[in-house]
Amino acid sequence: MTIGSLIQSTDSALLHAGLGRLDVELILGHVLCCDRMYLYTHWSQKLDKRQIKYFQSFCQMRKKGMPVAYIIEKKEFYGYEFVIKPGVFIPRPETETIISAVLSQWSHQERLTIVDFGSGSGCIGLTLLALFPKANLISVDSNLEAIKVSQINARNMGLEKRTIFLSTSVSGLGKGDESWLKAQADIVVANPPYISFDDERVSEEVTAFEPPEALFSNEGGLYHIRSWLNSAAQLLKPGGAYFFEIGDKQDISSIEHKVDKMRRKREYRDFSNIIRVIQFQKCHG
Ligand SMILES: C[S@@+](CC[C@H](N)C(=O)[O-])C[C@H]1O[C@@H](n2cnc3c(N)ncnc32)[C@H](O)[C@@H]1O
């Protein structure tokens, strides 16, 4: 069997199960350790039995609903490739809106201290670090598995010397006397858990495979948004900015005036024209 005939035969079987050709190509690329372009330029290359067996068992996992990112253990974000492992949130394309928002306000050569709350795979903070060569990053997540994965990603991207990793909770900051709380950050970024526990729109593929603590939040989905806004206020220097993602049409009006020293500044829309990122600014004085 060749690359081409395997793709074509599996394609129709998986399509029948509601899965796309992209999945097939990503999985085969993973088995052969190559990119998708290689598949098209080596369409007639013969596959051995072991390769076919691996490919078929990965396709079975996909048919059972496992996200491709967990099968191939990687996901692209803002053009960079991130290692992903089960137990760690899979980066979403709409989160790239945070990167564009920060880029619209700062120039690449600035010396910035950036803090990434709930950093997961590290996709937001590490992408910013790659784009701002004089910046430093504090990457914080309560999930130790996520911190380990973000350390792998930092190493792969050659960014580990400019990053501090902390496995701790972001909620309720300011009570401890840890030195990083005196960071005087220029920018804090976050994609907090913001789905209400009673939201029925979340797909089974997400709830069955992704870590619940990365998804759901109390207070109708607002708990983390509210408490992390307070935490950002502790860390930012006057004039510093906090960029965070919100859910589709999520209403944060009930909490936004309750935070001391932080004022809403701007909002940013994603590629579907949905308001996705909110920017707050820490007041001077
Ligand atoms: C929606 S995921 C975002 C991950 C990553 N920033 C991204 O955009 O792909 C939320 C992250 O917040 C972390 N998290 C949840 N509660 C937390 C807390 N109290 N303190 C720190 N991190 C927390 C989760 O482990 C998860 O990695």
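That block above? That's the structure.
It should be emphasised that the depicted structure is a prediction, and the values quoted were computed from it without experimental measurement.

Criteria and cut-off values
- Residues numbered from 1 in each chain as written.
- Predicted model: local features only at pLDDT ≥ 70, side-chain atom pairs only at ≥ 80, totals over all residues.
- Heavy atoms only, no water.
- Near = heavy atom within 4 Å.
- Polar contact = N/O pair within 3.5 Å; in protein donor to acceptor, adjacent residues only side chain to side chain.
- Areas by Shrake-Rupley, 256 points an atom, 1.4 Å probe, with all protein chains shown as cover.
- Phe/Tyr/Trp six-rings, centres within 6.5 Å; stacked < 30°, edge-to-face > 60°.
- Buried < 20%, exposed > 50% of the residue type's maximum accessible area, 1.4 Å probe, protein only.
- Helix = DSSP H or I, 4+ residues; strand = E, 2+ residues; numbered from the N terminus.
- Contact = heavy atoms within 4.5 Å.
- Pairing = 2+ DSSP bridges.
- Axes fitted to C-alpha atoms, helices over the stretch in contact; angles between N-to-C directions.

K.L.:
Quick question: what am I supposed to make of the site of the ligand here?
P.N.:
As a matter of local geometry, the ligand sits amid 21 residues, with Gly118, Asp141, Val170, Asn191 and Ala214 nearest to it. In the model, a nitrogen atom of the ligand is placed 3.2 Å from a nitrogen or oxygen of the Ser142 main chain. One of the side-chain N or O atoms of Ser171 is found 3.4 Å from a nitrogen atom in the ligand. Compared with its free state, where it exposes 590 Å², the ligand has 96% of that area covered by protein.

K.L.:
Sorry if this is basic, but what is going on with the packing of aromatic side chains here?
P.N.:
How two aromatic rings sit relative to each other is set out by the distance from centre to centre and by the angle between their planes. Under the criterion given, the structure shown has 10 aromatic pairs. Taking 6.2 Å as the distance between ring centres and 80° as the angle between the ring planes, the aromatic pair formed by Phe77 and Phe82 counts as edge-to-face. Judged by relative accessible area, Phe82 falls into the buried class, the value being 0%. Each ring, one from Phe117 and one from Trp228, has its centre 6.0 Å from the other, and the planes form 75°; the classification is edge-to-face. Of this pair, Phe117 sits in strand 3 (residues 113-117) while Trp228 sits in helix 12 (residues 223-235), placing them 111 residues apart in sequence. Each of the two residues, Phe117 as well as Trp228, counts as buried.

K.L.:
I'm lost on the environment of Tyr70 in this one. Help?
P.N.:
If you trace the backbone, Tyr70 turns up in helix 5 (residues 68-72). As a C-alpha pair, Tyr70 and Ile138 span 68 residues in sequence and 26 Å in three-dimensional space. Contact partners of Tyr70, with chain neighbours within four places excluded, come to Ile84, Lys85, Pro86, Gly87, Val88, Phe89, Ile90, Phe209, Glu210 and Pro211.

K.L.:
I'm lost on the sheet that holds strand 3 in this one. Help?
P.N.:
Neighbouring strands of a sheet are bound in pairs by backbone hydrogen bonds; such pairs are parallel or else antiparallel. Strands sit in the order 5-4-3-6-9-11-10 across an open sheet of 7 strands; the sheet is mixed. At either margin of the open sheet sits one strand with a lone partner, and together these are strand 5 (163-167) and strand 10 (262-269). Between one strand axis and the next, the sheet turns by 20° as a mean value, whatever way the strands run. Note that strand 10 and strand 11 (residues 275-282) share 7 bridges and pair antiparallel. Bridging across to strand 11, Tyr268 finds its partner in Val277. The sheet strands contacting helix 8 (residues 144-156) are strand 4 (136-141) and strand 5, and the helix crosses strand 5 at an angle near 165°. Where helix 12 meets the sheet, its contacts fall on strand 3, strand 6 (185-190), strand 9 (236-245), strand 10 and strand 11, and the angle it forms with strand 9 comes to roughly 155°.

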